[in-house]
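Close look at the chain arrangement
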Amino acid sequence: MQQNRAVFFVIIGVAVLVVIGMIVGTFYMFGSVGEVSPLQSEVSIEVAAAPTIYPWVEDAAIAFNQSHPKVQVSVIETTDLIPEARFRSTNAQSPPPAAWIADASFILALGQNKGLSFQDAQSVAGSPLAWGAYTDKLEQFNQTYGELNWDSLHAKATSSEGLRLVLNSPQNSAEGIAALISATAFSEDSQSLSGRSVTSANSWLTETLGDGNAYAKPTPAQSFASVQGRTLGDVGLLSMASWREAKLDENANFTLLPAEPEVILDIPFAIWAGSQSTPEKQEAAAEFRDFLLSQNQQTVLSDYGLDPAVDQTGVQADGETADRLQSWAARVLR
């Protein structure tokens, strides 16, 4: 009888230890009741990135995956200014990406105006606009019209000579819209624009950039760097990333000047909050964004022609501003 009792208590003791072990194991698997630890299982996500930022993000993802085995990131390059089709996907086998890295906050806002749902956007890199011109042609311009700025460009545009300003297309590039934002901000003398700003600046924009005074090229920086580049135009207005990609920042006969009013492509990393989004994917995307913002990754941005993440500086423009400028460009620019 005594022996049976001993066996009984041994069994009870073992059961208690098993239960304690299960509780301890659960504690390590769950941060708290109902909150799954990110280390519980592997999460694989896609991140959509604009062409400007894609090479850096792709290389960063390789390094991230090696040091974060529980979160695996693949990066897809977006060829559309706003990758609506990818984020509107209802295919369970090809769900929307977990995040989008757009060229600029006004492009992200334009996507949100179209019904795309994002949250917690943060800049992970930046590239300001800059004027670019062959030095001898710039010196000629300065002798006649003074310092290169929107005021002197307006003077040339309204002269008998006319102006030849080269932009990227506002229909499919953030820097094309950014150039128009800078022009609008100058006309309105404002660092914060809305759709009404475009309406107010319409006449000045058309007078300065219309009638062939400005035109868009598919790859303007590369065109400036080509053999025929000297005949392309008086001046270009593009992002520093584009000028650097064409290596015109290394050309002793080419001059780059900061554009004023300042417009910066602030390259926001925004987490998808729409269809098929999950807390696990959102958490994984945020973890990858933190990695991109780490000192090591920010330091190597210069190798890709980009600048570190920026705060809210320069002219601010919303989605309606970008939309109206695109519509204006479709009517006026060649």
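About the thresholds
- Counting of residues starts from 1 at the beginning of each chain's written sequence and follows it residue by residue.
- Only residues with pLDDT of 70 or above have their local features reported here, since the model is predicted, and side-chain atom pairs are shown and tallied only from 80 upward, although totals for entire chains, interfaces and linings are computed over all residues.
- Side-chain metrics rest on all non-hydrogen atoms present in the structure, leaving aside hydrogens and water.
- Secondary structure is summarised from DSSP: a helix means a run of H or I of at least four residues, a strand means a run of E of at least two, and numbering begins at the N terminus for each.
- Only protein chains enter the calculation, and the probe is 1.4 Å; a residue is then buried if its accessible area is under 20% of its type maximum, exposed if over 50%, and partly exposed in between.
- Here a residue-residue contact requires only that any non-hydrogen atoms of the pair lie within 4.5 Å.
- Paired strands, as defined in this entry, are two strands with at least two bridges between them according to DSSP.
- Helix axes are fitted to C-alpha atoms over the stretch in contact, other axes to C-alpha atoms as well, and angles between N-to-C directions run from 0 to 180 degrees.
- In plain words, nonpolar cores are sets of buried Ala, Val, Leu, Ile, Met, Phe, Trp, Tyr and Cys residues tied together by side-chain atoms within 4.5 Å.
- The pLDDT value expresses, per residue, how confident the predictor is, ranging between 0 and 100.
- Each salt bridge in this description consists of a side-chain nitrogen of Lys or Arg and a carboxyl oxygen of Asp or Glu lying within 4 Å of one another.
- Paired rings are identified among Phe, Tyr and Trp, the last through its six-membered ring, by centres lying within 6.5 Å, and are further divided according to the angle between planes into stacked (under 30 degrees), edge-to-face (over 60) and tilted (the rest).

Some words on the side chain of K156
In this structure, K156 sits in helix α6 (residues 150-157). Judged by relative accessible area, K156 falls into the buried class, the value being 8%. In contact with K156, not counting residues within four places along its chain, are F141, Y145, E161, G162, L163 and D234.

Quick word on the sheet that holds strand β5 (residues 99-101)
Ordered in space as β4-β3-β5-β14-β6, the 5 strands form an open sheet in which the pairing is mixed. Taken across any chain shown, the strands that pair with only one partner, and hence form the sheet edges, are β4 (71-77) and β6 (118-123). Here the average twist between neighbouring strands, direction ignored, is 25°. Contacts from helix α2 (residues 54-67) reach β3 (43-49), β4 and β5, with the element oriented near 165° to β4. Across the sheet, helix α11 (residues 279-292) lies against β3, β4, β5, β6 and β14 (268-272), angled at about 165° from β14, the strand it touches most.

Concerning the pairing of strand β11 (residues 235-239)
Of all 5 residues making up β11, 5 are buried, and the element is well covered by its neighbours. As paired strands, strand β8 (residues 165-168) and β11 are joined by 2 bridges and run parallel to one another. Within the sheet, the bridge partner assigned to V166 lies in β11 and is G236.

Observations concerning the nonpolar core
One recurring pattern in soluble globular proteins: nonpolar side chains tend to sit buried together. Core analysis: the biggest nonpolar cluster contains 54 residues, and F106, I107, L165 and L209 have the highest contact counts within it. With 8 residues, the top contributor of residues to this core is helix α7 (residues 174-188). Apart from residues no more than four positions distant in its own chain, L165 is found in contact with W131, W150, L209, N213, A214, Y215, V235, G236 and L237.

Looking at the confidence of the model for the protein
Put simply, the protein has an average pLDDT of 90, and 88% of its residues get 70 or more. Overall, residues 1-12 carries pLDDT values under 50, and its contacts beyond four positions in sequence, including any with other chains, amount to 0 contacts. With pLDDT under 50 throughout, residues 14-39 is counted as low confidence; its partners more than four residues away or in other chains account for 12 contacts.

Looking at the pattern of salt bridges
Here the structure, examined in full by the defined rule, presents 7 salt bridges. Note that E46 is salt-bridged to R86, the shortest N-O span being 2.6 Å. In this pair, E46 sits in strand β3 while R86 sits in helix α3 (residues 84-87), placing the two residues 40 residues apart along the sequence.

What to know about the packing of aromatic side chains
For the structure shown, the criterion picks out 16 aromatic pairs. On the basis of an interplanar angle of 70° and a centroid distance of 5.2 Å, the ring pair of F64 and F288 is categorised as edge-to-face. Highlighted residues: F64 in helix α2 and F288 in helix α11, separated in sequence by 224 residues. Each member of the pair F64 and F288 is classed as buried.

Focus on the environment of Q316
Take Q316: it is sitting in strand β15 (residues 316-317). Judged by its relative accessible area of 28%, Q316 falls in the partly exposed class. Separated by 125 residues in the primary sequence, Q316 and Q191 have C-alpha atoms spaced 6.1 Å apart. Those residues in contact with Q316 that lie beyond four places of it in its chain are Q191, S192 and L193.

Structural notes on the side chain of S197
Mapped onto the secondary structure, S197 falls in helix α8 (residues 195-209). With sequence-adjacent residues up to four places away left out, S197 is seen in contact with T184, E188 and S192.

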